[in-house]
Amino acid sequence: MKVTSDGGGGMVSARDFVYVSKKGYEGEIFVMGGKSVEMKDAPSSSKIVRAVNGPGCQMVTPSAEDKNICEFLWLMDCDYKGWMPQSVLDIAMPIAQTQFIDCVRKLAEKLKEEGKF
């Protein structure tokens, strides 16, 4: 189960997701796919909106030319439920995805410094 924080000074409620995924390698390419699932025993809260992820995939493909570069492909289908205008999503999603990529880059730098790859 994943939970997001609220945003917009409390204007946007936190969301949670009940999500199943599988990860592995196809040759040198890391692949992870998953989707939301129904689970009657999943905890719920009246303060958190249950969002739903449709089928999605993330792939990391190493560059053949430069070992310090990779291609990241992210396919996402999400229904955020609750009351959220599309205009808000159109602004917020690219920002959230960019912040996620920044976090991945920082994590990669840290792991590389630690000699993990």
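Within any chain, residue numbers begin from 1 and follow the written order of that chain's sequence. Where totals are concerned, whole chains, interfaces and linings use all residues; where local detail is concerned, this predicted model gives features only for residues with pLDDT of at least 70, and gives and counts side-chain atom pairs only at 80 or more. As a rule here, side-chain values come from all non-hydrogen atoms in the structure, and water together with hydrogens is ignored.

(A) Quick look at the overall build of the chain. Here a helix means four or more residues in a row that DSSP labels H or I, a strand means two or more in a row labelled E, and each is numbered from the N terminus. A tally of helices and strands in the chain yields one helix and nine strands. Moving toward the C terminus, one meets the helices and strands of the chain in the order β-β-β-β-β-β-β-β-β-α. Projected onto the principal axes, the alpha-carbon positions of the chain cover approximately 50 × 30 × 25 Å. Residues counted as buried form 16% of the 117 residues belonging to the chain. Restricting the contact set of the chain to residue pairs at least 6 apart, pairs at least 24 apart contribute 44%. Using a 1.4 Å probe, accessible areas were evaluated by the Shrake-Rupley method; residue-level cover was limited to the displayed protein chains. Taken as a whole, the chain presents about 9200 Å² of accessible surface, with 58% of it coming from carbon and sulfur. Only protein chains enter the accessibility calculation, which uses a 1.4 Å probe; a residue is then buried when its area is under 20% of its type maximum, exposed when over 50%, and partly exposed in between. Should any heavy atoms of two residues lie within 4.5 Å, those residues are counted as being in contact.

(B) How the structure looks around the nonpolar core. Remark: nonpolar core denotes a set of buried residues (Ala, Val, Leu, Ile, Met, Phe, Trp, Tyr, Cys) joined through side-chain atoms within 4.5 Å. One finds Phe17, Ala51, Tyr80, Met84, Leu89 and Met93 forming the largest nonpolar core, which totals six residues. Other than its neighbours up to four places away in sequence, Leu89 contacts Tyr80, Met84 and Pro94.

(C) Geometry of the environment of Lys116. Counting through the fold element by element, Lys116 comes out in the segment after helix 1 (86–113). Polar contact is defined as a pair of N or O atoms within 3.5 Å, subject to the rule that within protein one atom must be able to donate a hydrogen and the other to accept it, and that residues adjacent in sequence are counted only when both atoms are side-chain atoms. A distance of 3.3 Å separates polar atoms of two side chains, one belonging to Lys116 and the other to Glu114.

(D) Highlighting the side chain of Gln58. The topology assignment puts Gln58 in strand 7 (residues 56–62). Sequence-distant contacts of Gln58, that is, excluding residues within four places in its chain, are made with Phe30, Val31, Met32, Phe72, Leu73, Trp74 and Phe100.

(E) Looking closely at the sheet that holds strand 7. At least two bridges found by DSSP between two strands are what make those strands a pair. Pairing in this open sheet of four strands is antiparallel, and the strands run 3-4-7-8 from one edge to the other. A single partner strand is all that each edge strand has here, and the edge strands are strand 3 (19–26) and strand 8 (70–75). Strand-to-strand twist across the sheet, computed as the mean angle between neighbouring axes with direction ignored, equals 10°. Helix axes are fitted only over the stretch in contact, all axes being lines through C-alpha atoms; the angle between N-to-C directions runs from 0 to 180 degrees.

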